[in-house]
Amino acid sequence: MLFAWLILVLSAAIILATPFQRSRFVIVLRRVFVALVAALAGIYLFDILSAKVLYRMIPQPTVTISALNTKNENAQSCDVVIKGFVVDKTWYWAKNLEHSDSGWIDYDAGACYWKAFDRPVSMSNSISFKIPVGKDKTVVFEKNKWHGKALIKTETDEIIVDTYSDSDAEDYGVSLGSSGISSWDKIREYSSMSFGGIVFMLIQLFFILNKNNSKNQNKTQKRTLWMDFLRISCIFTVIFLHYTSSLYERNYSDSLVAWIPSLIVNCFTTFAVPCFFMLSGALILPKNESILSLVKKRIPSVYIPLIIWSGIYIAYFGALQGSSITAVFKSLYTSQYYHLWFMYPLIGLYFLSPIIRLTFITSAETIKKYAFVLVCVVPVILLTIARLFRLNYISLWFTWGFPEIGLFVLGAWLLQKKLPLRKTLLGSAVSLLFIILGEASCFIFGETPHKNFIGAYGTAPVFMFAAFMFTVFMSCETYFNKLSESIKNRVASISKLSVGIYFAHLLVKAILDKTNIYQANSNSVLMMFFATIINFVFSLAICYVFSKIPFVGWIFGKSSLSTCYVNNKKTIQENREGHANGMVGMRVIATFLIAIYHWELYYRFSPTVQIFSCAFLCFEFFFVLSGFLLTKSLLKNPLQNFSGMISNRFIRLWPAFIAGTVLLPGIYTMTWFGGNFKNWILDGNHLKSFLIEIPMLQTTGIAGLKYINGPAWYASALLICSVVLYFIIKYAKKVYWGIALFFSILFFSISFANTPTNFVFNVIPFPIVRGMAGMSLGIFAYFVYKKAQDKIRKLPKTFLSIVEICALLFFFKMLLVRESNNFNLIVLIPIFILVVFMFAENCGIVSRVLKNRKLSYLEEISYSFYIMQSFCSNIFTCLYPSVKLQPIVTILYLCLNLIVAIGVHEFIEKPLTAFLVWIKKSLQGGEKNA
């Protein structure tokens, strides 16, 4: 899975970086790539992190070993030596594991030794170990002539072992049984957080596909290009530093030649972190930013992601000291993983920036110079001397915040200086040479390599090198401005993600180190440079993808929270009838309940109880709503003819309908006909049903009510019933409400009375009867709505809220509790009330909640969601017949259904609808011309 993820990340990065023409297809393609990468990365990271967390939550097994102070007749003593434990083929020395304070002696490399003679008074006979979680566990003793017997106690067994042997010394392993989980990697197989990854995928798919494309959002603020280049260079150098820092000690040998490349590389990378502080000072100090803006915007934008990333690193790597909970609290004020230290002084500088600005920017020149010498120049000289001669350097009170404050101020001060490029390059080279010589002298005098000199960013050569590198990029501003706009935009985009890359790159490094892409323990500087490039590319791709996701992107360096629902264009949903009332949310809820009902028909949470066992009554809600909207549309447009009405209905229903009808046989044939489509076609019953379903005629009973796509009967019934009801509404205007009420009572009597099955299903197909009943009631509801609309709008909103809440609760009560068929008719009462009251738009509390625009996209795809539910449920039943019948599987089914619905809606329903509309307009144009 990791390999597939890496390949997909690279592919997405290439697609996203290529300057294609901004056509709709390319925009959708990029969104899909972003969605796929974010989904796969999210699932993988959820798995990894949850496995780490679950691993630490599982109690470690305790093993107690007691020296019995007995021996066999051949042994010369009865000592006991416990060397260690082997858990899932991983070796652990005994003394390195958590064990009780028993006074046993440390022996050899890491063994625990109990002496039979001359043993200390504090030494007890028993010692307890907490061993790592694993499946195969073995305790290893040392056997020789002087060792005796021991008792091993586990949570389930007691084992007596004899550690005597004729040989001088040999290892003897005793198996503690095979049970439990094999390792933390295997825990991922049991982790329910895989579901968390899928939920994450759904959320980001929803927001990415519903994202605004307006040109106003594509406008980027004017940026200082040289700062962007410097920021990118610094973050790449930081990654390179973290890959090569271990080479500094590892490559040390008697020959200086082997160590020189590591020395030069580590000296060169010293400019990156100081330049980050200088960039922050250059951007913040010149601005007269208010304290309120500082507290509300700048500090939370760094501090909150810092806490979140600290939690991620704690979950993955474990707490540095103490428990994970303690580590999370410590992350509020100190770093819990080594590269996160940078953010804490940066946040402190943000807090101090008003005082620093007052002292170093707005004060008189004399005060500026004195303050700079006090907090920067003097500490630099003292620190340099101390590090060169390895003296104990005691930080003076006036150097509080050094060197960060000095670098912060230096960045703002250098911003006002313009130096020629030649001088800045020469200064950089000379200062780098002094860094190398200074570190080499520390090595020569100290006889061992160490980083006390180059690791201190406040030494004079490092300070100067960072300052000159800062001015080098500033001097290249004219050259950067000559680049093409495409390159400038790419650089600006990468620069915005530098904070996210800084946070993520060590987590990416830990994951990549486990692969074979590069040699993680190589001593080659060139190999580490190659590894740096790979890490940078993957970190950038991950941050780019995640930055596009609302509510998540700001953690990765780019805020998208403010643009989640900004949309100046009307969506398809906004052009539909009833978008301004609670029907938006009611459609979504009813669709999900029907999907749960059909799923629970096969997978039950309990052997005897089906959750939402009466949720099929949601069809009555949809039929009533459809009759209401059909009546409203026809009376609002009296000139609309039959062909116009039926073509509009067909265009609305058929595109998603045909997608489900065509895709389902592919799933069925995999199980029923061994993947052979020819046999499926030759099977007359299925082919007949398929041909009848294509024109949406399955509810006529021609194919014996045998459906390929079972739930799609609703769409067929809706289309056929609309044909009949059109003539009632159109040509019986004065009495249509009475006729509708009569038909409604008649059809519901047939539907829910004890009518012979043969009559209902053969003479009058039941789905059409049911559809006519519901839609007729919808027509009557529209009549009541028109007569009572003004009166309802004058009612107090409190009263309306009470009525809506009661109706909704009663509606849910009917869906949850299975009643006899005669009592199912009662569900029409709350449906009738909700439809009439919500369309009156006096906005009770239920209407206000359910008309939320954030639900509009879900309502837009609800029809595709309904049509594709059979396809998604059969993926489980056909491809994974042995799947466990658990509630989590139902949730996964709903998530899969939502993903498929989004894909069908975006890539089939929308384009096919537009094509059918074009055909309709072309035909209408031809008729007019004729």
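Here, the structure is the one placed above.
Quick summary incoming for the structure in this document. (Residues numbered from 1 in each chain as written. Predicted model: local features only at pLDDT ≥ 70, side-chain atom pairs only at ≥ 80, totals over all residues. Heavy atoms only, no water.)

## Considering the environment of S643
What counts is decided by this rule: Numbered from the N terminus, helices here are DSSP runs of H or I no shorter than four residues, and strands are runs of E no shorter than two. Whenever a nitrogen or oxygen atom comes within 3.5 Å of another N or O atom, the pair is scored as a polar contact, on the condition that within protein one atom can donate a hydrogen and the other can accept it, and that pairs from neighbouring residues in sequence are kept only if both atoms are in side chains.
Position of S643 among the secondary structure elements: in helix α22 (residues 642–672). Separated by 80 residues in the primary sequence, S643 and V723 have C-alpha atoms spaced 9.9 Å apart. Within the local environment of S643, its side chain forms a polar contact with the side chain of N641, the two groups lying 3.1 Å apart.

## A closer look at the sheet that holds strand β9 (residues 149–153)
Here is the rule we go by: Two strands pair under a simple rule: DSSP has to find at least two bridges between them.
The strand order across the open sheet formed by five strands is β4-β7-β1-β9-β10, and the pairing between neighbours is antiparallel. Edge positions in the sheet fall to β4 (98–99) and β10 (158–162), since each has one partner strand and no second. Note that β4 and strand β7 (residues 126–130) share two bridges and pair antiparallel. Along β7, the bridge assignment pairs E98 with K130.

## With respect to the side chain of E404
Note the following rule: Only heavy atoms matter for contacts: two residues are in contact if any of them lie within 4.5 Å across the pair.
Structurally, the position occupied by E404 is in helix α13 (residues 404–414). Setting aside its immediate chain neighbours within four residues, E404 contacts F277, W341, P345 and L349.

## Concerning the nonpolar core
A general tendency of soluble globular proteins is for nonpolar side chains to be buried together. This is how it is decided: Buried Ala, Val, Leu, Ile, Met, Phe, Trp, Tyr and Cys residues that are joined via side-chain atoms within 4.5 Å together make up what is termed a nonpolar core. Summary of the burial criterion: residues with accessible area below 20% of their type's maximum are buried, those above 50% are exposed, and those between are partly exposed, where the area comes from a 1.4 Å probe applied to protein chains only.
W309 and F470 are the most contacted members of the largest nonpolar core, which has 107 residues in total. Among the elements that make up this core, the one with the highest residue count is helix α6 (residues 225–250) (14 residues). By size, the runner-up hydrophobic cluster in this structure holds 100 residues, among which are F628, L718, V835 and I875.

## Details of the side chain of S475
Residue placement: S475 occurs in helix α15 (residues 460–475). What makes S475 buried here is its relative accessible area of 16%. The contacts of S475, once residues within four sequence positions are left out, are L419, P420, L421 and T424.

## Overview of the packing of aromatic side chains
Describing an aromatic ring pair means giving the distance of the ring centres and the angle of the ring planes. To keep things clear, this is the line we draw: Each Phe, Tyr or Trp ring (for Trp, its six-membered ring) is paired with any other whose centre lies within 6.5 Å, and the angle between the two planes then decides the class: stacked below 30 degrees, edge-to-face above 60, tilted in between. Only when the NZ atom of a Lys or the CZ atom of an Arg is both within 6 Å of the ring centre and within 35 degrees of the ring normal do we say a charge sits over the ring.
Per the stated rule, a full pass over the model turns up 44 aromatic pairs. On the basis of an interplanar angle of 55° and a centroid distance of 5.8 Å, the ring pair of F622 and Y714 is categorised as tilted. With F622 in helix α21 (residues 618–636) and Y714 in helix α25 (residues 713–731), this residue pair connects regions lying 92 residues apart in the sequence. Taken individually, F622 and Y714 each receive the classification buried, so the pair is uniform in this respect. Lying across the ring of Y172, K143 places its NZ or CZ 4.3 Å from the centre. It is K509 that lies over the ring of Y243; its NZ or CZ is 5.1 Å from the centre.

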